[in-house]
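Chain by chain, the residues run as shown.
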Amino acid sequence: MTTVITGGSRGIGAATARRLVRDGHEVVISYRQAQDEARALEKELGVTAVRADTASEEDVARLFDAAGEVTGVVSNAGITSPVGPLAELRTEDLRRVVDVNVVGALLVAREAARRMTSGSIVTVSSGAATLGSPGEYVHYAASKAAVDALTIGLAKELAPRGIRVNCVQPGTVRTDIHVLSGVPDRPDRVASKIPLGRPGEPEEIANAIAWLLSDEASYTTGAILRVAGGM
Ligand code: NAD
């Protein structure tokens, strides 16, 4: 039971790696830059870490080559960019977000569809996909809506082969992604707007991913599971 987690060096991906190792998966994580964190996880968990940019077709193929026969895929790698109203955002940031979050997710999903003979795929979208993130990152929200759509379509394509495809839509989670957006304290800033009154922890998203991957979710495919404290 080998499961590939893209963007597994930190945040939600690393929490998912910890959880899946506990559940008995062989885990292969990919990372783009965070070599030290990835090596530390290799030591801590006995996982294999592969440097692979999910926006690169060659890197994604190399990642799956390294993993061998795969029964699980967690398509988690994703980025945001400096926040602001769309009118103020830079074209290069729009392009990079779409390249990683949409093209990257498609490349990973395509490789999984080509190689898997059984098992389960979980994509990681965002509550932003339905909230739209006005004034912050509508480009990111749009990219995550694409992840939702790809999940629904691929679930139907792969169901006849017995492969399930589902999505987790996290709300605001305490990770370093908010440093990238230039608002590192965003989780605490938005806490009062979240019905449960606090941001999520990466482990709480990992639990949902682990369930969707597991046999307990054997009749669940094409589902988009919101894990967002009520947002
Ligand atoms: P993070 O920034 O802490 O971790 C992201 C991981 O993805 C890192 O390991 C990074 O190296 C990797 N990565 C980024 N670009 C990559 C690329 N091109 N190729 C390979 N790896 C790449 O972020 P996180 O909060 O753990 O986010 C994980 C996923 O959850 C993302 O898809 C993100 O959009 C989504 N999400 C996060 C939140 C949140 O509030 N943290 C909310 C909703 C959705």
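These notes cover the structure that comes with them. Nothing here was measured: the structure is a model prediction, and the numbers come from that model.

Here the focus is the site of the ligand. Not every one of the 28 residues close to the ligand is listed here, only the nearest: R10, D53, N76, Y140 and T175. Residue R10 places a side-chain N or O atom 2.6 Å away from an oxygen atom belonging to the ligand. V173 places a main-chain nitrogen or oxygen 2.8 Å from an oxygen atom of the ligand. Here the ligand has 820 Å² of accessible area as a free molecule, and 96% of this is covered by the chains. Contributing elements (two or more residues each) for the shell around the ligand: α1 (11–22), α4 (91–115), α6 (138–158) and α7 (177–180). Of the residues in the shell around the ligand, the class split is 10 nonpolar, 12 polar and six charged.

Take the sheet that holds strand β4 (residues 72–75) next. Spatial ordering of the open sheet is given by β3-β2-β1-β4-β5-β6-β7, a layout of seven strands whose pairing is parallel. Two strands in the sheet have a free side with no partner beyond their single neighbour: β3 (48–51) and β7 (224–227). Strand-to-strand, the axes of this sheet are offset by a mean angle of 20°, without reference to chain direction. Strand direction decides the pairing type here: strand β6 (residues 163–170) and β7, joined by four bridges, are parallel. When the bridges of β7 are listed, Q169 appears paired with R226. Across the sheet, α1 is in contact with β1 (2–5), β2 (26–31), β4 and β6; its angle to β1 comes to roughly 170°.

The biggest cluster of nonpolar side chains holds 25 residues, and the ones touching the most others in it are F64, V73, I121 and L154. Broken down by secondary-structure element, the contributors of at least two residues to this core are α3 (57–67), α4, α6 and β6. For this core, the leading source of residues is α4, giving six residues. Discounting residues that sit within four places of it in the chain, L154 has contacts with A109, A113, I121 and V165.

Between α4 and α6, the least distance of the axes is 9 Å, while the angle of their chain directions is 15°. The angle between α4 and α6 falls in the class roughly parallel. Viewed along their axes, α4 and α6 form a crossing whose handedness is right-handed. In this structure, α4 uses D93, L94, V97, N101, V102, A105, L106, A109 and A113 to contact α6, whose residues at the interface are H139, Y140, S143, K144, A146, V147, L150, L154 and L158. Considering only residue class, the contact of α4 with α6 consists of 13 nonpolar, three polar and two charged.

Here the focus is the layout of surface pockets. Its boundaries defined by the atoms lining it, the second largest pocket holds a volume of some 220 Å³. What lines the second largest pocket is a set of 14 residues, and nearest its centre among them are G119, S120, L213, S214 and D215.

Side chains bearing opposite charge may pair, as long as their charged atoms lie close to each other. Per the counting criterion, the structure on display carries 16 salt bridges. Among the salt bridges present, the one from D53 reaches R96, with a minimum N-O distance of 3.3 Å. Note that D53 is positioned in the loop between β3 and α3 and R96 in helix α4, a separation of 43 residues in sequence. The partner of D99 in a salt bridge is R96, with the nearest N and O atoms 3.9 Å apart. Remark: R96 and D99 occur in helix α4; sequence separation between them is three residues, near one turn of the helix. What makes R96 partly exposed here is its relative accessible area of 28%.

Cut-offs and rules
Residues numbered from 1 in each chain as written. Predicted model: local features only at pLDDT ≥ 70, side-chain atom pairs only at ≥ 80, totals over all residues. Heavy atoms only, no water. Near = heavy atom within 4 Å. Polar contact = N/O pair within 3.5 Å; in protein donor to acceptor, adjacent residues only side chain to side chain. Areas by Shrake-Rupley, 256 points an atom, 1.4 Å probe, with all protein chains shown as cover. Helix = DSSP H or I, 4+ residues; strand = E, 2+ residues; numbered from the N terminus. Nonpolar A, V, L, I, M, F, W, Y, C, P; charged D, E, K, R; others polar. Pairing = 2+ DSSP bridges. Axes fitted to C-alpha atoms, helices over the stretch in contact; angles between N-to-C directions. Contact = heavy atoms within 4.5 Å. Core = buried A, V, L, I, M, F, W, Y, C linked by side-chain atoms within 4.5 Å. Buried < 20%, exposed > 50% of the residue type's maximum accessible area, 1.4 Å probe, protein only. Parallel < 35°, antiparallel > 145°, perpendicular 65-115°, else oblique. Left-handed = near helix turned anticlockwise from the far one by under 90°. 1 Å grid on protein atoms, 1.4 Å probe; cavity = no way out; pocket = protein on both sides within 12 Å on 5 of 7 lines; lining within 4 Å. Points joined across faces, edges and corners; volume = space filled by probe spheres on them. Salt bridge = Lys/Arg side-chain N within 4 Å of Asp/Glu carboxyl O.

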